Amino acid sequence: MSGNKKRGVRIVRGGGGGGGRPRGGGGGARQAATRNRFQVVTNRNTSDSMSDEYSRICISGLPKTVDRNDLMEYLKLKSFKPGINFKGYEFRNGNLFLGVENTEDIPSLIGLSGIRYGGVKVSISQEDKNSVRQNRQNKPTQRGQIRTFTNNTDKISNTKQLKSIEDHVNSSYVDNANQEVVDFSYLHSTKDINFNDIKTFRQIFRVISEKCLKANTVSFSHNNITTLAPFRFMIKYSLDHVINFNFDSNKISDINELDCLSDLTLRELVFTNNPICQIPNYRMEVARKFPDLKFLDGKEIGPEDFPPSPIPPLRPNYCDSPDRQQFAYKFLERFFKIFDGTREDIIKAYTDESKFSMTYVADSGSLPMRGSNKVYQRSNRNFKKPMDAVKKTQLLFSGYDNIYNFFKLYPKTQHALSSSIIDSFLAPGTQLLTVIIHGHFLEPTFNIKRSFDRTFVLAPAPPGSDAAKGGWEAIVLNEQLNVRPYLRLPRVEPVVSQPSSAEQEAIINEFSAYTKLKPEFAKECLNMSGWDKNKALETFSNLKANNQIPQDYLIQ
Amino acid sequence: MSFKKFNNNPSNNDISSYGNVDENLKKIVETISPRAEAFVKEYFYNMFDNNRGELVQLYKDDSVSIWNGTECKGKEHIGKLLAEIPKSKHIVETFDCQPMPGEDKENPNLLINASGKVTYGESSTHEFHQTFYLAKDPTNPNIFFISFDCIRLNS
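- Named according to an unreviewed UniProt entry, chain B is NTF2 domain-containing protein originating from Dictyostelium purpureum.

- Naming follows an unreviewed UniProt entry, where chain A appears as NTF2 domain-containing protein of Dictyostelium purpureum.
- Per UniProt, the comment on chain A under Subcellular location (unreviewed entry) is "Nucleus".
- Taken directly from UniProt, the Sequence similarities (unreviewed entry) text for chain A runs: "Belongs to the NXF family."

See below:
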């Protein structure tokens, strides 16, 4: 295989980010797989003709011309498994069959089914088992027999387990807004499922992403869980709607295991009856790791869970006038919707005088000239680096054409506006609205989350201008973007100036009339938002957009 | 060529990647860049960490300093805020400067964005991001003051 050198690099990278393999469980099968991997190394010169030793996946719906190596690299990247070794191939009836050295990799490849490649949707399935088994039985060598044996048991138990997880979800869960909880409690003992195996969680995440679109809570209580490592892979299953996790009565004893959850959006965590609850400053440690966590073990996280800070308190979104803030939010909403889409309509928001530049802080583990890092690195207008005036001028994109051309090179993004901090105000003595947003985005192509700071200087779009005709209320005069490794934003404390109860009632009535929320839920929403009407409205709009407001919360 | 590759200075390798250089823009960049560099490297963070009492002199009476969502307007309030923040040590990792639109295109006001790490007191370390608007002094176009700055701790 020509890609050996490359592969070595990727393995290092995958190992660095993967955070270790799950402990215990499935040891026998894994050992066999590892041993086989080494055996294959000595056997590298086998031709690319299909060897029936390996389980195969079948890829159908491919474009007419396919660069097989490119496709294989793509699959490795998408499955987050740089170490997958494909063994042999065969084109038959328009389908591509690929042998997979390590059967453990097959479920994640199948999990990619439906992915777009070369502009079309391809489906990936495992080749019919019976024909594979038949082929194998003809294989005379001892090695083949051992492999057939271990792989088949592995595969059968795999399929069986997936079926039992699917059955469990089908029988216990109905996907509607009233059922928010998917419950996997006790399955370790009742169905003999190993919850310390990454395979199990890949299956679970897949089933949730297919069958439980409205769930926001997952319970894994009483499952003998010792490691949270599989949750590092959850981000690629688009499960952002799941924000509450119950790990009650498991065996998590190392606080650092919680770092495996650091890419997830979290509201509530439960670790009751786990050894970690016994460690000193347990609540403080968890609160520090997850600044946006609201509840831990059923109790709201409050000031007492934080170490005293030497600095003045951090406050939520700042604005100098609510009208301008609304204007800024509206602009950002439209801007990022277009930026996350095809970006074509963004050009009208800029003039021939607009300026854009960016700076970039690389992740310590990332390879600078790979993937999206390359775009950021090349455009990094960081004055800390030695840079001559020519370079500084080239990297100051000036005018809508240059800016739009740069955005065309910029990786595809999904911005999460709801979890960002936005300050908006007029620059003193001017009519220029400054909007500074701090948040994060996902690069769906690589499943990488990054944080960013983006400063906009805006002016109202002149009536009749291209911008106004294009639906923009503002034009961008200056824009500066800083891209950096993903980090959760710190916890902010709303100014506590609780309105009097009469004032509260007036606000509730107004909010309830506007949103059609029943007063008790309007009150809850306002309470959560520190009685800031704008903030409450924002919360409400977000929940509504995600269909997270049950019908019976509303005035019928 | 191969030496350059290991020179860790990619700027030499892809110099032509973003097209021709606009000479007028280059002139402006040459005017404002040294100002931004002096402001970030010599003035603001240096004074903030080592000589904070003098820092308020960089502001004027209609200046605004926004500290993590709290607005301080005017020298007096800004001075009070600065006194409230414990001893600090900033390490700037990135900064960048753009010309702001205005009447005097050849000598424009400056938009500066900086980010890095800051430690307050003994051990409270955070990532920070700060935006500055530097405006010309009405009496002397070669002297700049902070019209606003807005900082957020990102961790």
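Now, onward.
## Structural notes on unusual backbone geometry
Residue and element names in this part refer to chain A.
Here comes step 1: Phi is positive for Asp 297, which is not a glycine, with a value near 55°.
Here comes step 2: Along the chain, Asp 297 falls in the loop between strand E11 (295-296) and strand E12 (299-300).
Here comes step 3: Since its relative accessible area comes to 22%, Asp 297 is described here as partly exposed.
Here comes step 4: Although it is not a glycine, Asn 547 adopts a positive phi angle of roughly 55°.
Here comes step 5: Locating Asn 547 in the fold gives a position in the segment after helix H17 (533-545).
Here comes step 6: On the basis of relative accessibility, which here comes to 56%, the residue Asn 547 falls in the exposed class.

## Quick look at the pattern of salt bridges
Residue and element names in this part refer to chain A.
Here comes step 1: Evaluated as defined, the whole model comprises 24 salt bridges over all chains.
Here comes step 2: Note that Lys 76 and Glu 73 form a salt bridge whose closest N and O atoms lie 3.4 Å from each other. One end of the pair is Lys 76 and the other is Glu 73, both in helix H3 (residues 68-78) and 3 residues apart, which spans about a single turn. There is no split in this pair, since Lys 76 and Glu 73 are both buried.
Here comes step 3: Between Asp 320 and Arg 324 there is a salt bridge, with its nearest N and O atoms 3.2 Å apart.
Here comes step 4: On the accessibility criterion, Arg 324 (27% relative accessible area) is partly exposed.

## A closer look at the sheet that holds E12 of chain A
Pairing between the strands of a sheet comes from backbone hydrogen bonds, and it takes one of two forms, parallel or antiparallel.
Residues and elements named next belong to chain A.
Here comes step 1: Reading across from one edge, E7-E8-E9-E10-E11-E12 is the order of the 6 strands in this open sheet, with mixed pairing throughout. Lying at the two open borders of the sheet, with one neighbouring strand each, are strand E7 (181-183) and E12.
Here comes step 2: For E7 and strand E8 (residues 217-219), the ladder comprises 3 bridges, and the chain directions are parallel. Counterpart to Val 181 in the pairing with E8 is Thr 217.

## Focus: the interface of chain A and chain B
Here comes step 1: The partner chain B presents 55 residues to the 60 residues of chain A that form the contact.
Here comes step 2: For the pair chain A and chain B, the summed buried surface comes to about 4900 Å²; carbon and sulfur atoms form 62% of the total.
Here comes step 3: Our count for the chain A to chain B interface comes out at 4 salt bridges.
Here comes step 4: In this structure, the salt-bridge partner of Glu 37 of chain B is Lys 392 of chain A, at a minimum N-O distance of 2.8 Å.
Here comes step 5: Elements that contribute at least two residues to the side of chain A that touches chain B include exactly strand E13 (350-360), helix H12 (389-394), strand E14 (397-398), helix H13 (400-409), strand E16 (421-426), strand E17 (433-443), strand E18 (448-460) and strand E19 (474-485) of chain A.
Here comes step 6: Broken down by class, the residue content of the side of chain A that touches chain B amounts to 32 nonpolar, 15 polar and 13 charged.

## Observations concerning the packing of aromatic side chains
All names here are of chain A.
Here comes step 1: Under the counting rule described, the total for this entry stands at 50 aromatic pairs over all chains.
Here comes step 2: Ring geometry for Phe 231 against Phe 245: centres 5.9 Å apart, planes inclined by 90°, an arrangement best described as edge-to-face. Here the residue Phe 231 occupies a position in the loop between E8 and strand E9 (244-246), and Phe 245 occupies one in strand E9, the gap between them amounting to 14 residues. Residues Phe 231 and Phe 245 agree in their burial class; the two are buried.
Here comes step 3: Ring centres of Phe 511 and Phe 540 lie 6.5 Å apart, and the angle between their planes is 75°; on these two criteria the pair is classed as edge-to-face. Of this pair, Phe 511 sits in helix H15 (residues 501-515) while Phe 540 is found in helix H17, placing the two residues 29 residues apart along the sequence.

## Some remarks on the packing of H15 of chain A against H17 of chain A
Residues and elements named next belong to chain A.
Here comes step 1: At a minimum axis distance of 12 Å, the contact between H15 and H17 shows a crossing angle of 30°. Handedness of the H15/H17 crossing: right-handed. Residues Ile 507, Glu 510, Phe 511, Tyr 514 and Thr 515 of H15 lie in contact with H17, whose contacting residues are Lys 533, Ala 536, Leu 537 and Phe 540.
Here comes step 2: Of the residues belonging to the contact of H15 with H17, the class tally is 6 nonpolar, 1 polar and 2 charged.

What counts, and at which threshold
- Residues numbered from 1 in each chain as written.
- Chains lettered and ligands numbered in written order.
- Predicted model: local features only at pLDDT ≥ 70, side-chain atom pairs only at ≥ 80, totals over all residues.
- Heavy atoms only, no water.
- UniProt positions renumbered as here; feature names shortened; annotations may be inferred.
- Helix = DSSP H or I, 4+ residues; strand = E, 2+ residues; numbered from the N terminus.
- Buried < 20%, exposed > 50% of the residue type's maximum accessible area, 1.4 Å probe, protein only.
- Salt bridge = Lys/Arg side-chain N within 4 Å of Asp/Glu carboxyl O.
- Pairing = 2+ DSSP bridges.
- Contact = heavy atoms within 4.5 Å.
- Buried area = accessible area lost by both parts, 1.4 Å probe.
- Nonpolar A, V, L, I, M, F, W, Y, C, P; charged D, E, K, R; others polar.
- Phe/Tyr/Trp six-rings, centres within 6.5 Å; stacked < 30°, edge-to-face > 60°.
- Axes fitted to C-alpha atoms, helices over the stretch in contact; angles between N-to-C directions.
- Left-handed = near helix turned anticlockwise from the far one by under 90°.

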